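# Observations on chain architecture
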Amino acid sequence: MGKKGWFLIMAMLLVLTTACSGADSGSNSGASADSKVKLRIAWWGSDTRHEYTQKVIDLYKQKNPNVTIDVEYASFDDYWKKLAPQAAANQLPDIVQMDISYISQYAKNGQLEDMAPYLNQKIQVADVNENVLKTGIIAGKQYGIPTGVNVLGFQYDPALLKKAGIDKIPDNWTWDQYKELALKAGSNKVYFDSSMAADIFFHYYLRTHGKSLYNAEGTGLGYDDDKLFVDFFGGLAELIKKGATPPPEIMNQTKGILEESDLVKGTGIGIWQWSNQYVGLQQVVNRPMALAPMFGPDMEKGIYMQPTMYWTVAARSQVKDEAAKFIDFWMNDVEANKLIKGERGVPISAKIKEAIAPELSEATKQVFDFVASMEPKASPMSPPPPVGSPEVIATLTDYIEQVNFGQMTAADAAVKFRTDANTILANNKQ
Amino acid sequence: MSLRNHQSLRANMTGYAFISPFIVGFLAFTLIPMFISLYLSFTTYNLFTPPKWIGLGNFEKMFTGDPKYWNSIRVTFTYVLVGVPLRLIFALFVAMILNTKSRMVGTYRTMYYLPSIIGGSVAVSIMWRNIFSNDGIVNSLLSALGATPVKWFGDPNASLTMLITLSVWQFGSSMLIFLAGLKNISVEMYEASSVDGASPVRKFFSITLPLLSPIILFNLIMQTISAFMTFVPAYVISKGEGGPMDGTMLHSLYLFRQAFMFSNMGYAAAMAWVMLIMIAILTAILFLTSRYWVFYETEKGR
């Protein structure tokens, strides 16, 4: 082949490859000369969330006609699979909805912007409880603005509780009382609950004992007494064995199918989870339900106000001011919050909480009241889970599954988990 | 350069121009990524910080320090070694039925092929999840027959069985190939054997199977390779967790978890390359043994 031929081929290849990559390169240029601003925003969630979020965005565009907003949303699992490659390619959206289990990873890798300089400038925080705002601080910087807060609790059907021979959840109940009540329900052929998510509730249990799941630096576990592990998970496994909570086969079989869960079918009294999950559950259960605080002792040391999720701004964003303005709108605009209705957790601004109170559904009101009653009791949150925590949690869940299936003792699991978790966390140390 | 040469070059240029989209695609989306993945398999890489060279560290961890890896290999081999033969037997069985002369045969062929068109899709897996759920049709049937319902996704042994059932059910493409093979066997063979008084069973083992063996080899290899790479059903049915007790943790699912849930891209790349080599070895073995059981009508067929 002659020179000319090769040249032609090369030229064509060049055209083709640049045509491929050219599609993206134009989209980054945020603000342009005529003060038109383009924002990109991403979140995960359910259909309800997508709908009202779009309405809030439309409202914002209506009030700021120079702004156009591109939205990207997905389910929780898909969201992170999409976000990671975007981060690697330095293409994160300007505003990113962030989960507590991932924020460390993104913050520590320099993907997020420190929002501290924007506070009380672009973002008004006068009506926000300082403890709540502080939950967005990672490694000394305000990387996240909480969208709302959550608190752990027991969400149950009072009528079914009575049927199981229990009048009411006692005030200030303890771990031992919980186990007693659960066994009582079990002996009356009703499941007390559907067990507890291993990482969240073990972490709570550790906190009531003055420990935490991870150490402050995120380089290892935050406890070294395996007895705590054995007491907690051994206790839960015992409840499964004695029929107070469903066996793992049933739990696995019905996982993710709310309609088949015992609570919905009326064979289980309640469920342990975050307060913001109450409203959705109430809709499916469709019977009167109630919320109860966590078990003690030292419940006050254990509970904390957890940000439901954060708004964060990408470090690469060219339109950080506008992004901050949007976050402020989300936090402090009454009209917007009448659309949001506390779906991303109880709003962190006291003024907004008051302003939207009359608009709330019965279930949402219950949640707001519950969170309000817990807020004065809560202790500060532990630092967000470190890099590598998804793998640690998966490891924990695996071992607990083996314990629940009766294939491993809690004591063995405690030792194995400690070794594995410390290896994983050490590997991720940077 | 002579004139003729020049002309043929010009003619070729058009050809090159036409295939260049493929070449670009192949380079950009297959060959270069493959080399990058090979490089990454010797590193730790979390997508955020630059890859760090660790030599054979990933492979060492895989073979000596990761029981979950071995579990995923065990599950995958069970899935392939049980699922593929069952699927082929079933496909051949249906192909033979559909090879009869019946008026409805066209409709039947389409019907039986349908599951394979919607093949590895998410919808089918979700449907499968519903079929085998607590109140699903399978458990209803079991209770109607007086048997105890099975917790298909709850019991570590049952869940893999269910996954294999799903793979057997998607037998359509191998069935079509078998059907084509069956059509190629000349009727005279059967007629001659009938004259000699051969029973249908004898006909099947002495005529159908030997003449079909090249097709069986083809199907066996194709199905084995694709079975090793199965991902979607395991992911959907176990909600991405490979449970219960890692009973459905296929190799590809474990790889996916390492890559996209734990951000261990290097380790996942290493796993992918080991799987590639394993599939290559297995395929080679199939080819080597084929000379003892595959029969070609022309003597020097291979």
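Residues numbered from 1 in each chain as written. Chains lettered and ligands numbered in written order. Predicted model: local features only at pLDDT ≥ 70, side-chain atom pairs only at ≥ 80, totals over all residues. Heavy atoms only, no water.

## Some details on the UniProt feature "transmembrane region" (unreviewed entry) in chain B
Residues and elements named next belong to chain B. The residues that UniProt annotates with the feature "transmembrane region" (unreviewed entry) are residues 21-42, 77-98, 110-128, 160-182, 211-237 and 270-294. Annotation note: span residues 77-98, helix share 100%, strand share 0%, distance between end C-alpha atoms 31 Å. Helix makes up 91% of residues 160-182 and strand makes up 0%, while its end C-alpha atoms are separated by 32 Å. (UniProt positions renumbered as here; feature names shortened; annotations may be inferred. Helix = DSSP H or I, 4+ residues; strand = E, 2+ residues; numbered from the N terminus.)

## Concerning a nonpolar patch on the surface
Residue and element names in this part refer to chain B. Taken together, Tyr16, Phe18, Ile19, Phe22, Ile23, Phe26, Leu27, Leu31, Ile32, Phe35, Ile36 and Leu38 make up a surface patch of nonpolar side chains, about 1,100 Å² in accessible area. Mapped onto the elements, isoleucine 32 comes out in helix H1 (residues 3-40). Under the relative-accessibility criterion, isoleucine 32 is labelled partly exposed at 46%. (Patch = residues over 30% accessible without salt bridge, like charges linked within 9 Å, V, L, I, M, F, W, Y side chains within 5 Å. Areas by Shrake-Rupley, 256 points an atom, 1.4 Å probe, with all protein chains shown as cover. Salt bridge = Lys/Arg side-chain N within 4 Å of Asp/Glu carboxyl O. Buried < 20%, exposed > 50% of the residue type's maximum accessible area, 1.4 Å probe, protein only.)

## Observations concerning the sheet that holds strand S8 (residues 152-156) of chain A
Residue and element names in this part refer to chain A. Strands sit in the order S9-S8-S10 across an open sheet of 3 strands; the sheet is antiparallel. Both edges of this open sheet fall to strand S9 (270-274) and strand S10 (290-292), since each of them pairs with a single strand only. Along the sheet, successive strands turn relative to each other by an average axial angle of 35°, direction set aside. Where S8 lies against S10, 3 bridges are found, and the strand directions are antiparallel. The residue of S10 that forms the bridge with glutamine 155 is leucine 291. Contacts from helix H12 (residues 278-285) reach S8, S9 and S10, with the element oriented near 150° to S9. Together, S8 and S10 form the strand contacts of helix H17 (residues 362-374), whose direction differs from that of S10 by roughly 15°. (Pairing = 2+ DSSP bridges. Axes fitted to C-alpha atoms, helices over the stretch in contact; angles between N-to-C directions. Contact = heavy atoms within 4.5 Å.)

## Observations concerning the confidence of the model for chain B
Residue and element names in this part refer to chain B. Per-residue pLDDT for chain B averages 85, and the proportion of residues at 70 or more is 95%. The least confident element of chain B is helix H4 (residues 105-117), whose mean pLDDT is 76; the most confident is helix H13 (residues 265-293), at 92. Quick note on the complex model: pTM equals 0.82, ipTM equals 0.79. (pLDDT = per-residue confidence, 0-100.)

## A word on the packing of H4(B) against helix H8 (residues 172-184) of chain B
All names here are of chain B. For the pair H4 and H8, the least separation of the axes is 7 Å and the interaxial angle reads 140°. It follows that H4 is oblique to H8 by the angle criterion. Contact residues: H4 offers Arg109, Tyr112, Tyr113 and Ser116, while H8 offers Gly172, Ser173, Met175, Leu176, Leu179 and Lys183. When its residues are assigned to classes, the contact of H4 with H8 shows 5 nonpolar, 3 polar and 2 charged. (Parallel < 35°, antiparallel > 145°, perpendicular 65-115°, else oblique. Nonpolar A, V, L, I, M, F, W, Y, C, P; charged D, E, K, R; others polar.)

## Some words on the packing of aromatic side chains
Residues and elements named next belong to chain A. Inspection of every chain in the model, using the stated rule, returns 57 aromatic pairs over all chains. Consider the rings of phenylalanine 76 and tryptophan 80, whose centres lie 5.8 Å apart with planes at 70°: the pair is edge-to-face. Within this pair, phenylalanine 76 and its partner tryptophan 80 are both found in helix H3 (residues 76-88), separated by 4 residues, close to a single helical turn. Residue phenylalanine 76 is classed as partly exposed on the basis of its relative accessible area of 31%. Ring geometry for tyrosine 205 and phenylalanine 232: centres 5.0 Å apart, planes at 35°, overall tilted. Of this pair, tyrosine 205 sits in helix H8 (residues 198-208) while phenylalanine 232 is found in helix H9 (residues 226-241), placing the two residues 27 residues apart along the sequence. (Phe/Tyr/Trp six-rings, centres within 6.5 Å; stacked < 30°, edge-to-face > 60°.)

## A few points about the pairing of strand S3 (residues 95-98) of chain A
All names here are of chain A. Alternating positions in S3 separate into two faces, Ile95 and Gln97 on one and Val96 and Met98 on the other, with burial throughout. The pairing of strand S1 (residues 37-44) with S3 spans 2 bridges and is classified as parallel. Note on S3: the bridge partner recorded for alanine 42 is valine 96. Bridge count for S3 against strand S12 (residues 310-313) is 4 bridges, and the pairing is antiparallel.

## Re the pairing of strand S2 (residues 67-74) of chain A
Residues and elements named next belong to chain A. Direction of pairing for S1 relative to S2: parallel, over a ladder of 8 bridges. Looking at S2, one finds that valine 37 is bridged to valine 67. You can see the chain leave S1, run along helix H2 (residues 47-63) and come back into S2, and the turn it takes is right-handed. (Right-handed = clockwise from strand over helix to strand, strands pointing away.)

## Focus: the environment of A:Ile240
Residue and element names in this part refer to chain A. By the secondary structure assignment, isoleucine 240 is in helix H9. Sequence-wise, isoleucine 240 and valine 334 are 94 residues apart; in three dimensions their C-alpha atoms are separated by 46 Å. Non-local contacts of isoleucine 240, meaning those with residues more than four positions away in its chain, are made with Ser195, Thr245, Pro246, Pro247, Pro248 and Asn404.

## Concerning the interface of chain A and chain B
Of the residues lining the interface, 37 residues belong to chain A; the matching set on chain B comes to 40 residues. When chain A packs against chain B, close to 3,200 Å² is buried across both sides, 62% of that on carbon and sulfur atoms. Area buried by chain A at its contact with chain B is led by A:Lys81, A:Gln253 and A:Glu391, which between them contribute 20% of it. For the pair chain A and chain B, the interface holds 1 salt bridge. The salt bridge involving A:Asp398 is made with B:Lys68; its shortest N-O contact spans 2.2 Å. Linking chain A with chain B are 5 residue pairs in polar contact (both at pLDDT 80 or more). Secondary structure elements with two or more residues in the side of chain A that touches chain B: helix H1 (3-25), H3, helix H4 (100-108), helix H10 (248-254) and helix H18 (389-404) of chain A. With 7 residues, H1(A) is the single largest residue contributor to the side of chain A that touches chain B. For the side of chain A that touches chain B, the residue count by class is 16 nonpolar, 13 polar and 8 charged. (Buried area = accessible area lost by both parts, 1.4 Å probe. Polar contact = N/O pair within 3.5 Å; in protein donor to acceptor, adjacent residues only side chain to side chain.)

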